Amino acid sequence: PVIGRALVGSPNGGKPLEAEVVSIDGLEIGGMRLVAGDRTLDAVIIDDAKLPPGSALVIGNNQFPGLIIELDFPAARFRLSKSNTESRATWAPLNERGMIETRLRIGDESMPIHIDSGNPGMLDLPESLAPRLPLTSAQREGAAIKFVDSTAKTTVAEMQTDALLGDLPVKLDGTFRFAPIPFANLGGRGLQGAVLRIDMTSRRWHLRYAGDGVPVIGEN
């Protein structure tokens, strides 16, 4: 049943869309069932064309209170559990909206970055910072990005440099996309080789790349 309406927007700052909010009785994922019970399970209904390519549904972390969310990209596995097997790892807090946010440092530049498995891209960077980054090629026109509330032009350029993702050393090597966004965004392709755990009880997260050496992020 429809229980209300909401405005849905994006960081691109377009005109928000009005969408219906519906109430759902439960949600079952891989045999684990979340029942409304003492809390409300709400969903926002938007046009299919506004979803990421190939997606029929986007689920946020906040739908899983009290659980550990594990996205194991090398094993192509999504797991929900009630026990934390990475208690000795270094964890960082989720932001006030429950999003995975840290800092990306490239040379002298530091910018906020969201780790966003719902983004099918590699690594999107703020267009405003492009002139101050160690690019190894001129910027050229890229494919437009479709946000839920607008479409934005982008540019792409090559870069090969060391960086810090939070306190994790990484190497940026390849082609990167620049868009009119206020923060960097690390998408699913940039997380290949990583295991991402989100502890919704303690509202914290941990990212680890498999294998030895410094992880390499970049579009070939």
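Computed from a predicted model, the values in this text were never measured in an experiment.

(A) Structural view of the pairing of strand E17 (residues 204-209). With two bridges joining them, strand E8 (residues 92-93) and E17 adopt antiparallel strand pairing. Across the sheet, residue Pro93 finds its bridge partner in E17, namely Arg204. Looking at chain direction, strand E16 (residues 194-199) and E17 are connected through six bridges and run antiparallel. Within E17, the position partnered with Arg197 by the bridge is His206. Linking E16 to E17, which pair antiparallel, is a turn of four residues; within it Arg203 sits at a positive phi near 55 degrees.

(B) Representation of the nonpolar core in the model. Core analysis: the largest hydrophobic core is formed by 40 residues, its most contacted members being Leu104, Leu123, Leu125, Leu172, Leu186 and Leu207. Residues contacting Leu172, with those up to four places away along its chain left out, are Ile106, Leu123, Met159, Gln160, Thr161, Ala163 and Ile217. Within the second largest apolar cluster, five residues are counted, among which are Ile145, Phe147, Ala179 and Ile181.

(C) Examining the side chain of Thr154 more closely. In this fold, Thr154 is placed in strand E13 (residues 151-165). Filtering out sequence-adjacent residues up to four positions away, Thr154 remains in contact with Arg140, Glu141, Gly142, Ala143, Ala144, Ile145, Arg177, Phe178 and Ala179.

(D) Just the sheet that holds strand E1 (residues 2-8), in detail. Spatial ordering of the open sheet is given by E1-E2-E5, a layout of three strands whose pairing is antiparallel. The open sheet is flanked by E1 and strand E5 (42-45), the only strands paired with a single partner. Strand-to-strand twist in this sheet, taken as the mean axis angle between neighbours without regard to direction, amounts to 35 degrees. Bridge count for strand E2 (residues 17-23) against E5 is four bridges, and the pairing is antiparallel. Opposite Val21, over in E5, you have Val44 as the bridge partner.

(E) Examining the layout of surface pockets more closely. Of the volumes computed, that of the second largest pocket is approximately 210 Å³. Considering each element in turn, the lining of the second largest pocket owes the most residues, three residues, to E17. Split by residue class, the lining of the second largest pocket holds six nonpolar, four polar and one charged.

(F) View of empty space enclosed by the protein. Summed over the entire model, instances satisfying the criterion amount to one cavity of 30 Å³ or more. Here the largest cavity is characterised by a volume of approximately 40 Å³. What lines the largest cavity is Leu104, Ile113, Leu123, Leu165, Val170, Leu172, Leu186 and Ile217. Residues that form the lining of the largest cavity fall into these classes: eight nonpolar, no polar and no charged.

(G) Seen up close, the confidence of the model for the protein chain. Averaged over the protein chain, the pLDDT score is 88; the fraction of residues at 70 or greater is 95%. When mean pLDDT is taken per element in the protein chain, strand E9 (residues 101-106) scores highest with 97 and strand E4 (residues 32-35) scores lowest with 76.

(H) Structural context of the pairing of strand E6 (residues 68-72). Counted residue by residue, E6 has five buried out of five residues, so it is predominantly covered. Burial of E6 is two-sided: the residues Ile68, Glu70 and Asp72 facing one way and the residues Ile69 and Leu71 facing the other way are all buried. Turn length for the E6-strand E7 (residues 77-81) hairpin, with the two strands adjacent in sequence and antiparallel, is four residues, and the turn residue Ala76 shows positive phi of about 50 degrees. Relative to E16, E6 is paired through five bridges, and the arrangement is antiparallel. When the bridges of E16 are listed, Glu70 appears paired with Arg197.

The rules behind the values
- Residues numbered from 1 in each chain as written.
- Predicted model: local features only at pLDDT ≥ 70, side-chain atom pairs only at ≥ 80, totals over all residues.
- Heavy atoms only, no water.
- Pairing = 2+ DSSP bridges.
- Helix = DSSP H or I, 4+ residues; strand = E, 2+ residues; numbered from the N terminus.
- Core = buried A, V, L, I, M, F, W, Y, C linked by side-chain atoms within 4.5 Å.
- Buried < 20%, exposed > 50% of the residue type's maximum accessible area, 1.4 Å probe, protein only.
- Contact = heavy atoms within 4.5 Å.
- Axes fitted to C-alpha atoms, helices over the stretch in contact; angles between N-to-C directions.
- 1 Å grid on protein atoms, 1.4 Å probe; cavity = no way out; pocket = protein on both sides within 12 Å on 5 of 7 lines; lining within 4 Å.
- Points joined across faces, edges and corners; volume = space filled by probe spheres on them.
- Nonpolar A, V, L, I, M, F, W, Y, C, P; charged D, E, K, R; others polar.
- pLDDT = per-residue confidence, 0-100.

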